[in-house]
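Fold and geometry: a report
The lines below spell out each chain.
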Amino acid sequence: MHIQRMNATFGKLEQAELTLQPGLNVIYAPNESGKSTWCRFIRNMFYGLSTRDRGALADKNRYAPWSGAVMRGRMDLTAGGADYTLTRDTRRANSPMGEFSCTYAGTATPVPGITGQNAGDVLLGVSREVFERSAFIGQAALAVDQDAELERRIAALITTGEEDTSYSEAYDRLKKQLNRRRHNKTGQIPALERDIEGLDKSLALLEDLQAQHRLTAGQLERSHQQLAELQEQQKQWELVAQREKWQQYREAEQAAAQTRQKADAVAELAGVLPGGELLSRLEARQAALTADEQEIRQARQAAEEAAVRARTAEDACRSHPLYPADEQGLQDRLNNITLPEIPGSLPLWLGLGAAVLSAVIAAVSFFLHKAPALTIAASAAFLLTAAFAIIWNSYRRRTQRQRDQAEQARAELERQKEEYLPLRQAARDAADDAARAAGLCSALSKRQADGIAALLGELAPFRAAADLSAAAASIAELRRQTNALAQAEQAARDAAMRRDLLGRQLPAEIAPDAPLQQPVMSRSQVEAAIPQTAANLQAAQSRLDTLTGQIRSMGDPDDLITRRSQKAEELARLQDEYSAISLAMEALESANLTLQNRFSPALGARAAEIFAGITGGKYQKVLLSRDFSLAAEPADDVTPRSIQLLSQGAADQLYLSVRLAICDMVLPRDKGVPLILDDALISFDDDRLRAALDYLLRESENRQILLFTCQKREQTYLAGRENTALISL
């Protein structure tokens, strides 16, 4: 088969067209031009787009059209001598490309037997998984991993031809059955073993519970007897307590009479006493007056100190030269000091003018021969000018000295004023402070005297006192007597109350003098033993009830024995099944090993043939396990080299060789499945690239090959070759 043309609205492709030819198609496009998108489009046109995948990398999200249009595509192809048209369209947003049709080209007639689910399987002859691991080759996906579908395909080729057998699936099913019966500590066998162990424990526990039940019943009976004996002794002690209550009542009567007599004696001795409220007021007033004495002493001391400060400040003020002047007088003195005005300097032009004028007159006189008169006049003018200048400057200097003296006098007066005025103000402030302190001391003294007089007046009806000290002693005595009387009265009331209380508690059933039998145990021992014995009895009863419930909850012992026997039989059956499954897995592994020995050499030999051709004969053997672990053996060295030890380019070439070998072995020859390569040769050097292209060119005689590349090396090398189409996107 071969693909003729495609139209795609898929990812970045918007109604994009791509026309292909049979044979080798080399499709060039720079990176990010949609090469990988075309590859995914081809795969999804054959096998559909999965809607169950989630996340940003799921095809339905990753290749959603960038333009916002719905995802759709069309593919025209030739298969089995007929031309077909495949279309996939989107009608529901949650099912992109979910609408499928396959019709004969140029008609609307559906091709029978081809649906959206099986199109790839019918047209290509292999499942999606086999196609992706054989003919669908990308640069980042050259490696082949193990897959059940690929296993079935390979098994069909080398065994019966049926594709319903997969070693890994069969082994996994047996493994699941084995694990169902036993997997570490889980499974049916461990569960049955735990059940049997639990039943054994239940039987042992039941026997132990029955023994405990018998023991607890005996303890309960003994506790009942002990409690009855203790309660009898408790009654005897109650009779003793009643006798003691009569004795306590008689003693309380005597104590009440004695305390009453003592209280009356204290009241008679104390005489008239003030009430509690009045006595408290007298104590508070006396305490306040006593505190006032301290305040008066402090005020008197403060007044004396203020008077000393006032005298000191007054002396400092009087000793100043400006005393007793006031601020206004000092300001007037400053204002009376005048500063004379200093005349300006004699103008220079006046002296120069006089000199020049004298010189001119002298010259004129000399030339005109009028020397006597003019010369005398010029000399006189010059002398007068000089005399005037000398007198003017002398006057100016004298005025300057007078002004300097006046300024010095004013500055000195200002300095003394700044010293004197603070002293004068400090003296005034100190005098005011001394006056206030003296007034406060006088007021406090008067207030105290009035308070003492009032206190003595209130105290007079009870005690006589001459001063505050005597009043304090009298008040203290009154408080002592009041407290003594209150205590005596309270003691009398307490004694009477106790007598009355004991009188109400007197028993009426026993005579005060009836004989009594002393109990064997002390009262404290009986009182301590009764709660303990009752608690023991209750605990024994509770324990007995619990044991009874546990025994009943465990059921019939015969039923437990029967269940254990059934579990043991089932365990034996499962253990036999476990052994049988283990043997089956061992046989399956042996058969798989045989299958590997048949499959791996054939695939390895074909891969080695291709790999040797691509690498110019550098490697002659490829070692391949069933899980597709790879190693290569160089032509000049018999030591295999794991693929992890090869360079990136050599590893990609080995992967490609295995892919092409798989294609030869697993793809149906009658279907001519197209081979799709997406930048698969990008890491090849020039020589190996040419060798790989030569192989692909030969392979294109058997199947259509689509080689997508971001390099122009392929087109350059294949230019002019037959069965080759060079396409640029």
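The following paragraphs examine the structure supplied in this document. (Residues numbered from 1 in each chain as written. Predicted model: local features only at pLDDT ≥ 70, side-chain atom pairs only at ≥ 80, totals over all residues. Heavy atoms only, no water.)

Thoughts on the packing of helix α15 (residues 648–666) against helix α16 (residues 686–699)
α16 packs onto α15 with a crossing angle of 10° between their chain directions and a minimal axis gap of 12 Å. Viewed along their axes, α15 and α16 adopt a mutual orientation that is roughly parallel. Each of Ala650, Gln653, Leu660 and Asp664 in α15 lies in contact with α16, whose residues at this interface are Arg688, Tyr695, Leu696 and Glu699. Considered class by class, the residues forming the contact of α15 with α16 number 4 nonpolar, 1 polar and 3 charged. (Axes fitted to C-alpha atoms, helices over the stretch in contact; angles between N-to-C directions. Helix = DSSP H or I, 4+ residues; strand = E, 2+ residues; numbered from the N terminus. Parallel < 35°, antiparallel > 145°, perpendicular 65-115°, else oblique. Contact = heavy atoms within 4.5 Å. Nonpolar A, V, L, I, M, F, W, Y, C, P; charged D, E, K, R; others polar.)

Points about unusual backbone geometry
Of note, the amide linkage connecting Tyr323 to Pro324 takes the cis form, showing an omega dihedral of 5°. A positive phi angle, near 50°, is found at Asp679, a position not held by glycine. With respect to the secondary-structure elements, Asp679 resides in the loop between β11 (675–678) and α16. Looking at Asp679, the relative accessible area reads 9%, which means it is buried. At Asn723, a position not held by glycine, the phi torsion is positive, near 60°. Here Asn723 shows up in the loop between α17 (713–718) and β13 (724–728). (Buried < 20%, exposed > 50% of the residue type's maximum accessible area, 1.4 Å probe, protein only.)

Topic: the packing of aromatic side chains
Here the structure, examined in full by the defined rule, presents 7 aromatic pairs. Geometrically, the ring pair formed by Trp38 and Phe41 is edge-to-face, given 5.7 Å between the ring centres and 90° between the ring planes. One end of the pair is Trp38 and the other is Phe41, both in helix α1 (residues 35–47) and 3 residues apart, which spans about a single turn. Between Phe611 and Tyr619, the ring centres sit 5.0 Å apart and the planes meet at 25°, which makes this aromatic pair stacked. Both residues of the pair, Phe611 and Tyr619, belong to the buried class. These aromatic residues form a ring-pair network of at least three members: Phe10, Trp38, Phe41 and Tyr63. (Phe/Tyr/Trp six-rings, centres within 6.5 Å; stacked < 30°, edge-to-face > 60°.)

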